[in-house]
Amino acid sequence: MADFIFTQFNTQNIKIGTDVVQTSGRDVIGSGAGTYVADSLANAALFAAHPRFVGRSSNGRYFRAMPQSGRIDVLLSGVKADGITDDSEAIRATYDYASAIAADGVTFTRNPMRLEALPWTPEALIEGPQPALVLPATGQVHDFGGAQFVSTTVSRNLLYSPEYAEPIIDIPLIANVTAGDTSVRVSTTDATKLQTGDLVLWQLGELPYDTAETLVWDYARVTAIAGEWVTLDKPVPEGLILANVTGPNKRLRKLRRLENCVIRDVTFNGPTVAESGVSISFGKHITVERVGGRNIGAGVVIGRYCDGFTAIDCWQEGTELVQASYGPAFNFSESRDVALIRPQARGTRSLLRAEAGAEIQVIGGHFEN
């Protein structure tokens, strides 16, 4: 039977041969009890990087928090879960630690947790209000177990955008493209930034993408590179004359895509405006289940440049309008193979906004205003 809490690790003399210990709580008995193991991963470096989850005994032994059913319980981080204390740092630390030990993900409680935006940086990686929680680039099941997040600042809640995973590399085209081409021409210098097997997004057309049938974007794999010529694994469906495009969208973009990600059972509550609930840019095979939001500005579920996106039993109540274009509960652009199953919205400007060539099927939608 455990007789100490996590914060008392440094007072415990744990002898060699005892490699697994059970705590009775994190800061207080009864909240955040966990199993800790002394193994090859539990060392000084992990302790320095993740002090919320790694303990050091008085005789210099390191013990790390173990997942339960593959996941790290957010209670092990020291969240207060009272809806008043900002638990942002603790929640983000849980995700970081889960990633460091290759856990399957994070487990949440049902208590309301206050989750504020990431701090602004001198050069924000993403324009506009900053996110509260950035999803990792690896495909995971994010089961929030009915958790409720409360925010008091203008921010986006859960967000994936490739800028946070790694720098996006732009590869401008230097020659016109003919429909059916599988090779495009770039500068020799830019060609060296690519390797066979790289995933690229092609953007071959002027904004806005008003014509639904115009396939001005798609993903492709690089299959060969020869000097200035880059060969892709699929043909470009429509031709492009570079001189006819004034904007930047005559290029390939090397970036990290979020694939096979599931987000379920979470509610976002904003006593003031929240920019969005779940916002995914550059995703494939994304599933969002039972996600809800109150007083959301840009939409409880947002997808951009997504290929295969399913939202099941998601809902929104109330909208905080901060600019004229805000108001829909579900908002998609430059996305295809999207299915909204039983979406619901009340007190919003509209149920759905589909723009810039978005292809969306709605089954059993309900809108009340």
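Small disclaimer: the values here were computed from a predicted structure and weren't measured.

Conventions adopted
- Residue numbers restart at each chain and count upward from 1, following the sequence in its written direction.
- At least 70 in pLDDT is required for a residue's local features to be given in this predicted model, at least 80 for side-chain atom pairs to be given and counted, and no such filter applies to totals for whole chains, interfaces and linings, which use all residues.
- Excluded from the side-chain calculations are hydrogens and water; all other atoms, namely the structure's heavy atoms, are used.
- Runs of E in the DSSP output that reach at least two residues are strands. Runs of H or I that reach at least four are helices, and both are numbered from the N terminus.
- In what follows, a contact means two residues having at least one pair of non-hydrogen atoms within 4.5 Å.
- Calculation of accessible area relied on Shrake-Rupley with a 1.4 Å probe; when residues are assessed, cover is drawn exclusively from the protein chains displayed.
- In this tally, Asp and Glu contribute negative charge and Lys and Arg positive charge; neither His nor the terminal groups of the chain are included.
- Lys charges are placed at NZ, Arg charges at CZ, Asp charges at CG and Glu charges at CD.
- Confidence of the predictor at the level of single residues is captured by pLDDT, which takes values from 0 to 100.
- At least two bridges found by DSSP between two strands is the condition for calling them paired.
- Angles run from 0 to 180 degrees between N-to-C directions of axes, and those axes are lines fitted to C-alpha atoms, restricted for helices to the stretch in contact.
- Accessibility here uses a 1.4 Å probe with only protein chains present; expressed as a share of the type maximum, an area under 20% marks a residue as buried, one over 50% as exposed, and anything in between as partly exposed.
- To estimate how far a helix should extend, the number of its residues minus one is multiplied by 1.5 Å.
- Working definition: rings of Phe, Tyr and Trp (its six-membered ring) pair if their centres are within 6.5 Å, and the pair is stacked with planes under 30 degrees apart, edge-to-face with planes over 60 apart, and tilted otherwise.
- We call a set of buried residues a nonpolar core when its members are Ala, Val, Leu, Ile, Met, Phe, Trp, Tyr or Cys and they connect through side-chain atoms within 4.5 Å of each other.
- Throughout this description, the term salt bridge denotes a Lys or Arg side-chain nitrogen within 4 Å of a carboxyl oxygen of Asp or Glu.

The next point concerns the overall build of the chain. The helix and strand tally for the chain stands at four helices and 26 strands. Dimensions of the chain, computed from the C-alpha atoms along their principal axes, are close to 70 × 55 × 35 Å. Put simply, of all contacts in the chain between residues at least 6 apart along the chain, 63% involve residues at least 24 apart. As displayed, the chain has an accessible area near 16,300 Å², and 50% of this comes from carbon and sulfur atoms. Averaging the locations of the 32 positively and 41 negatively charged side chains of the chain gives two centres separated by 4 Å.

Keep in mind that low pLDDT regions are not for reading the predicted coordinates in detail. With 91% of its residues at a pLDDT of 70 or more, the chain has an overall mean of 87. The model gives residues 208-214 a pLDDT under 50, and that stretch makes eleven contacts with residues more than four places away or in other chains.

Within the open sheet, the four strands sit side by side as 1-2-4-3. Their pairing is antiparallel. Looking at which strands have only one partner, the edges of the open sheet turn out to be strand 1 (20-22) and strand 3 (54-56). On average, adjacent strands in this sheet sit at an angle of 30° to one another, irrespective of strand direction. Where strand 2 (residues 35-37) meets strand 4 (residues 62-65), two bridges bridge the pair, whose relative direction is antiparallel. Considered in strand 4, the bridge of valine 37 is made with arginine 64.

Moving on to the sheet that holds strand 15 (residues 229-232). Within the open sheet, the six strands sit side by side as 11-16-13-14-15-12. Their pairing is antiparallel. Edge positions in the sheet fall to strand 11 (169-172) and strand 12 (183-185), since each of these pairs with one other strand and no more. Each strand of the sheet is rotated relative to its neighbour by a mean of 40°, with strand direction disregarded. Across three bridges, the pairing between strand 12 and strand 15 is antiparallel. Its bridge partner being in strand 15, arginine 185 is matched across the sheet by tryptophan 229.

What follows deals with unusual backbone geometry. Positive phi outside glycine occurs at phenylalanine 282, with the angle close to 65°. Relative to the elements of secondary structure, phenylalanine 282 occurs in strand 18 (residues 276-296). Taking relative accessible area as the criterion, phenylalanine 282 reaches 3% and is therefore assigned buried. Even without being a glycine, histidine 285 presents a positive backbone phi close to 60°.

The next point concerns the pairing of strand 15. Residues of strand 15 alternate between two faces, with Val230 and Leu232 buried on one and Trp229 and Thr231 left unburied on the opposite face. Note: strand 14 (residues 217-226) against strand 15, four bridges, orientation antiparallel. Bridge pairing in strand 15 places alanine 224 opposite threonine 231. Linking strand 14 to strand 15, which pair antiparallel, is a turn of two residues; within it glycine 227 sits at a positive phi near 65°.

On to helix 2 (residues 88-100). For helix 2, spanning 13 residues, the distance from its first C-alpha to its last is 18 Å, which sits close to the expected 18 Å at 1.5 Å a residue. Alanine 102 sits one or two residues past helix 2 and shows a positive phi near 60°.

Okay, the packing of aromatic side chains next. Taken as a whole and assessed by the stated rule, the structure comprises 16 aromatic pairs. For the pair tryptophan 217 and tyrosine 219, a centre-to-centre distance of 5.7 Å together with 85° between the ring planes defines the contact as edge-to-face. According to the relative accessible area criterion, tyrosine 219 is buried, its value standing at 3%. Put simply, the rings of Phe4, Phe6, Phe9, Tyr36 and Phe63 touch in pairs and so form one group of aromatic residues.

Within the largest apolar cluster, 65 residues are counted, with the highest numbers of intra-cluster contacts made by Ile91, Phe108, Phe144, Phe149 and Ile280. Residues within four places of isoleucine 280 in sequence aside, it is in contact with Leu135, Tyr160, Leu258, Ile263, Ile286, Ile302, Gly303, Arg304, Cys306 and Phe309. Residues Ile171, Val186, Val200 and Val230 belong to the second largest nonpolar core, which totals 19 residues.

By the element assignment, serine 333 lies in strand 21 (residues 328-333). Assessed through its relative accessible area of 11%, serine 333 is described here as buried. Once residues lying within four places of it in the same chain are set aside, the contact partners of serine 333 are Gly303, Arg304, Tyr305, Glu355, Ala356 and Ala358.

Moving on, we come to the environment of valine 150. As for its position among the elements, valine 150 is in strand 9 (residues 141-150). A relative accessible area of 17% places valine 150 in the buried class. For the pair valine 150 and asparagine 269, spaced 119 residues apart in sequence, the C-alpha separation works out to 4.9 Å.

Tallying each qualifying case throughout the model produces 23 salt bridges. For the salt bridge of glutamate 228 with arginine 185, the shortest nitrogen-to-oxygen distance reads 2.7 Å. Here arginine 185 lies in strand 12 and glutamate 228 lies in the loop between strand 14 and strand 15, a separation of 43 residues in the sequence. For glutamate 334, the salt bridge goes to arginine 304, with nearest N and O atoms at 3.7 Å. With glutamate 334 in the loop between strand 21 and strand 22 (336-341) and arginine 304 in strand 19 (residues 301-312), the pair connects residues that are 30 residues apart, well separated along the chain. On the basis of relative accessibility, which here comes to 6%, the residue glutamate 334 falls in the buried class. Overlapping salt bridges bring together Asp143, Arg264, Asp265, Glu289 and Arg290 as one network.

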